[in-house]
Amino acid sequence: RASIEASGTTMAQFNDMSSSGLEQLPTGERPRGGFAFDLCSRDQQIGTSIAAGGGRLPQAMKTGTTIVGVIYKDGVVLGADTRATGGTEVCDKNCEKIHYLSDNIYCCGAGTAADTEKTTEMISSQLELHRLNTGMQSRVVTAVTLLKRMLFRYQGHVSAALVLGGCDVNGSHLYHIYPHGSTGKLPYVTMGSGSLAAMSVFETDWKEDMEEAEAIEVVKQAIRAGIFNDLGSGSNVDVTVIRKPEVGGGTTVMRGFDTPNEVADLRAGYTRPKAIVVPRGATAVLSKEVSLSELVTVEDAPEPMAF
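A quick note: this is a predicted structure, and the numbers were derived from the prediction, not measured.

As for the state of the cysteines
Counting across every chain of the model gives 0 disulfides. For Cys 107, which is in no disulfide, the shortest distance to another cysteine sulfur is to Cys 108 and amounts to 6.7 Å.

Considering the packing of aromatic side chains
Applying the stated criterion across every chain yields a total of 3 aromatic pairs. Centroid distance Tyr 100 to Tyr 106: 5.5 Å. Interplanar angle 85°. Geometry classified as edge-to-face. Residue Tyr 106 is classed as buried on the basis of its relative accessible area, which comes to 12%. Centre to centre, the rings of Tyr 188 and Trp 206 are 5.1 Å apart; their planes meet at 45°, and the pair counts as tilted. Here the residue Tyr 188 occupies a position in strand β11 (residues 188-191), and Trp 206 occupies one in the loop between α6 (195-205) and α7 (212-229), the gap between them amounting to 18 residues. A residue is classified by how much of its surface remains accessible, and Tyr 188, at 19% relative accessible area, is buried. The class of Trp 206 is partly exposed, set by a relative accessible area of 24%. Among the aromatic side chains, those forming a connected cluster through ring pairs are Tyr 188, Phe 202 and Trp 206.

Side note on the pairing of strand β8 (residues 160-168)
Of all 9 residues making up β8, 9 are buried, and the element is well covered by its neighbours. With burial as the criterion, each face of β8 is covered, one bearing Ala 160, Leu 162, Leu 164, Gly 166 and Asp 168 and the other bearing Ala 161, Val 163, Gly 165 and Cys 167. Note: strand β7 (residues 105-112) against β8, 7 bridges, orientation antiparallel. Bridge assignment links Ile 105 to a residue of β8, and that residue is Gly 166. The sheet contact formed by β8 and strand β9 (residues 171-177) spans 7 bridges and is antiparallel. Across the sheet, the residue bridging to Gly 166 is His 173, located in β9. As consecutive antiparallel partners, β8 and β9 are separated by 2 residues.

Some remarks on a nonpolar patch on the surface
The grouping of Val 290, Leu 292, Leu 295, Val 296 and Val 298 at the surface amounts to a nonpolar patch, some 570 Å² of accessible area in total. Position of Val 290 among the secondary structure elements: in the segment after α8 (264-268). By relative accessible area, Val 290 is classed as exposed at 63%.

Looking at the packing of α6 against α7
Two numbers describe how α6 lies on α7: the axes approach to 7 Å, and their chain directions differ by 150°. For the pair α6 and α7, the sense of crossing is right-handed. Of α7, the residues touching α6 (which contributes Ala 197, Ala 198, Val 201, Phe 202 and Asp 205) are Val 218, Val 219, Gln 221, Ala 222, Ala 225, Gly 226 and Asn 229. By residue class, the composition of the contact of α6 with α7 is 8 nonpolar, 3 polar and 1 charged.

Notes on helix α4 (residues 113-134)
If you check α4, its first and last C-alpha atoms are 32 Å apart, about what 22 residues at 1.5 Å a residue would give, namely 32 Å. Buried within α4 are the following residues: Ala 113, Thr 116, Thr 119, Thr 120, Ile 123, Ser 124, Leu 127 and Arg 131. Down the axis of α4, the buried side of the element spans an arc of 140°, and every buried residue falls inside it. Residues of α4 that are exposed and angled more than 90 degrees away from the buried face: Leu 132 and Asn 133. Looking at the residues trailing α4, positive phi occurs at Gly 135, about 70°.

Things to note about the sheet that holds β11
With antiparallel pairing, 5 strands are arranged side by side in an open sheet as β11-β2-β3-β12-β13. Both outer strands of the open sheet, β11 and β13 (251-258), are each paired with one neighbouring strand and no more. On average, each strand axis in the sheet is inclined to that of its neighbour by 15°, with strand direction left out of account. Strand contacts of α6: β2 (67-72) and β11, with the helix running at about 160° to β11, the strand carrying the most contacts.

Re helix α5 (residues 140-153)
The end-to-end C-alpha distance of α5, which contains 14 residues, comes to 20 Å, matching closely the 20 Å that a straight helix rising 1.5 Å per residue would cover. Among the residues of α5, those classed as buried are Val 140, Ala 143, Val 144, Leu 147, Met 150 and Leu 151. Each buried residue of α5 sits inside an arc of 140° when the element is viewed along its axis, so together they form one side. Residues of α5 that are exposed and point more than 90 degrees away from the buried face comprise Arg 149, Phe 152 and Arg 153. If you follow the buried residues of α5, they end up packed against β6 (98-102), β7, α4, β8, β9 and β10 (183-185). Looking one or two places after α5, you find Gln 155, whose phi comes out positive at around 55°.

Reading the values: the criteria
- Residues numbered from 1 in each chain as written.
- Predicted model: local features only at pLDDT ≥ 70, side-chain atom pairs only at ≥ 80, totals over all residues.
- Heavy atoms only, no water.
- Disulfide = S-S within 2.5 Å.
- Phe/Tyr/Trp six-rings, centres within 6.5 Å; stacked < 30°, edge-to-face > 60°.
- Buried < 20%, exposed > 50% of the residue type's maximum accessible area, 1.4 Å probe, protein only.
- Helix = DSSP H or I, 4+ residues; strand = E, 2+ residues; numbered from the N terminus.
- Pairing = 2+ DSSP bridges.
- Patch = residues over 30% accessible without salt bridge, like charges linked within 9 Å, V, L, I, M, F, W, Y side chains within 5 Å.
- Areas by Shrake-Rupley, 256 points an atom, 1.4 Å probe, with all protein chains shown as cover.
- Salt bridge = Lys/Arg side-chain N within 4 Å of Asp/Glu carboxyl O.
- Axes fitted to C-alpha atoms, helices over the stretch in contact; angles between N-to-C directions.
- Left-handed = near helix turned anticlockwise from the far one by under 90°.
- Contact = heavy atoms within 4.5 Å.
- Nonpolar A, V, L, I, M, F, W, Y, C, P; charged D, E, K, R; others polar.
- Expected span 1.5 Å × (residues − 1).
- Arc of directions from axis to C-beta.

What follows is the structure in structure tokens.
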């Protein structure tokens, strides 16, 4: 509302624009499932009008992100940074971007934070129901198919760019999934605003049949490249390792695996000037008694309804 008023558009004019002669689908013809996009042209006109007056519409929080994945000899390693941004502000310094789909499948998300979280939650629920119905471990290709069909259905309006990795009876698999539903299967992938910096590390250091420790180190350096060369990425490095069934399986989730921006030592070595340290008791206490009767109104409760 503040943006609307700042642009010189009153709420009455805003409502008139919303209900003016813009084309809308009749109620009976709207799609039964998913989003209804018949108001997109209206919203675009409203946004253009507000922008012309110097205002701006609120923006969704996006995870300006570096997410990566790599296949090694015995499984898959996924990595992500932990910074979530809303425009130019850092909204969360320790955002979790590696999402659980099943015990053997995890997914990194870039894009709008709410879209990545809810999309992976929905697919995780569907995979759980599939396992209960079949009595079998989830296949990675099943998760990819569910995700790409859902994203294609919404034609890119769900802003979720994903790196999906996992291991099943068919081996190790690594995919990247774009918001419009297109997918690719590669030995190493990067996505997000810091993807180019991360890709430079992979193209330099990646090799086939890496050991687990080597793969983790390459992923860590790729995420660090995104953190230090992309303003939308930052804070810590999260790593998840998914292993093949033939080597014992299992998944290791390492939150805060590397903390290149840790400031505890810096703060511990800094002495605050005495002029800004307020000693205890510096503020005068005017009274220690508070009369609640002056602040609270007590009323009798209504009679209970008779049956």
